[in-house]
Amino acid sequence: MMSAVFLVLIALGEAASGQTQPNRNGAIPARTQINGQNIGQNNARPPQGWELTAEQQKWIDQVLKYWEARSDKVNTFSCKFERWEYNPAFVRDPNTPWTQAKGEIKYEKPSKAVYRVADLSYYKPAAQGGQPTYVRREDSPGEYWVCDGKSTFEFDHRNKQVVERVLPEHMQGEAIADGPLPFLFGAKAEKLKQRYWFKPLTPPKDPKTGKPIQGEYWLAAKPKMRQDAMNFELVELIIDQKEFLPQAMQIYMPGGNERKVFQFSERSVNPRQRFWQDFIKPDVPRGWKMVRDNPADRANAAQTRIGQHRSQNGGSQIPVAQRR
């Protein structure tokens, strides 16, 4: 998943429902409850808890318009990130991550990107009287994928494969913002509102002052359409007011139990250093193989099988029970 550039005007404070406090790792803890009503249904009415006042709706409209304007100015982007994955199937405590990782993201307009996790470790329960730790696994060296604008290349270490997934023509170039998680670059405000419910969130209170943290804007998005709800249930965003860049993003997987938290650092917009060499088709490591996954090839193969079946059966056949 790539990072995103977001732009928000102001925070609405107490107008938002619920608060989310950073935990000891600096990540965002699980929300106490996620309202799952109407998820994946493109209804005209927002689900419970997502109704907005006129003032809130105006704020959301401003946010998305500025977000669009900011994204239009991003030609290249790079950042470091830390990631925590939470899964109750592996760690019961909802605020203790199952995995923790560090990585980097690079992007070039309109649709070239690199996502690399180089430091991935897994939760190891504490021995009696000790503290839990995180350890690396030889069979999980990390994650790495490249998008050259026409295909994504994913390194599958377990099977020693580089998997090329060809992007459909309608997803190449600018249209990649229409993908499953459009909180990237180039998303249009009106299209985002067609696909997601948005609402402001209340920043947590500063323990020193007792007042909401300043300089951060908090925002949440929920899918309207079923095809988007298949990818995630809820996204929470923290935006740095000074740089208008993402500080953190929390993604709840379908079902609301599993979540991923990203914190971004060393963010750079339109750096002088160009990294075009990062976006070319990668070399296949020795002993590995390239596997190509092309939706068009699958569709053509299906049509071929149908044609062969019809030819073998004398053309398109109607089942005996349906003949008149």
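Remember, it's a predicted structure, so these values are computed and weren't measured experimentally.

Analysis parameters
Residues numbered from 1 in each chain as written. Predicted model: local features only at pLDDT ≥ 70, side-chain atom pairs only at ≥ 80, totals over all residues. Heavy atoms only, no water. Helix = DSSP H or I, 4+ residues; strand = E, 2+ residues; numbered from the N terminus. Buried < 20%, exposed > 50% of the residue type's maximum accessible area, 1.4 Å probe, protein only. Areas by Shrake-Rupley, 256 points an atom, 1.4 Å probe, with all protein chains shown as cover. Pairing = 2+ DSSP bridges. pLDDT = per-residue confidence, 0-100. Contact = heavy atoms within 4.5 Å.

### Re the overall build of the chain
Looking only at helices and strands, the chain features 4 helices and 13 strands. In the chain, which comprises 324 residues, the proportion classed as buried is 42%. On the chain, roughly 18,300 Å² of surface is accessible, and the fraction owed to carbon and sulfur atoms is 47%.

### Here's the deal with unusual backbone geometry
Phi at Lys-160 takes a positive value of approximately 55°, unusual for a residue other than glycine. With respect to the helices, strands and loops of the structure, Lys-160 is situated in the loop between strand 6 (151-156) and strand 7 (161-166). We classify Lys-160 as partly exposed; its relative accessible area is 48%.

### Focus: the pairing of strand 9 (residues 216-223)
The buried fraction of strand 9 is high, at 8 of 8 residues. Burial along strand 9 is two-sided: Glu-216, Trp-218, Ala-220 and Lys-222 facing one way and Tyr-217, Leu-219, Ala-221 and Pro-223 facing the other are all buried. Examined bridge by bridge, strand 8 (residues 196-200) and strand 9 share 5 bridges and lie antiparallel to one another. The residue bridging Tyr-196 from the neighbouring strand is Pro-223, located in strand 9. Examined bridge by bridge, strand 9 and strand 10 (residues 234-240) share 6 bridges and lie antiparallel to one another. Among the inter-strand pairings, Glu-216 is bridged to a residue of strand 10, identified as Asp-240.

### Some remarks on the confidence of the model for the chain
Averaged over every residue, the pLDDT of the chain is 76; residues scoring 70 or more account for 72%. Helix 4 (residues 295-312) is the least confidently modelled element of the chain, averaging 53 in pLDDT, while strand 8 averages 94, the highest of any element. For the stretch residues 1-27, pLDDT sits under 50, and the model shows 110 contacts to residues farther than four places along the chain or on other chains. pLDDT under 50 marks residues 316-324. Its contacts with residues more than four places away, or in other chains, come to 3 contacts.

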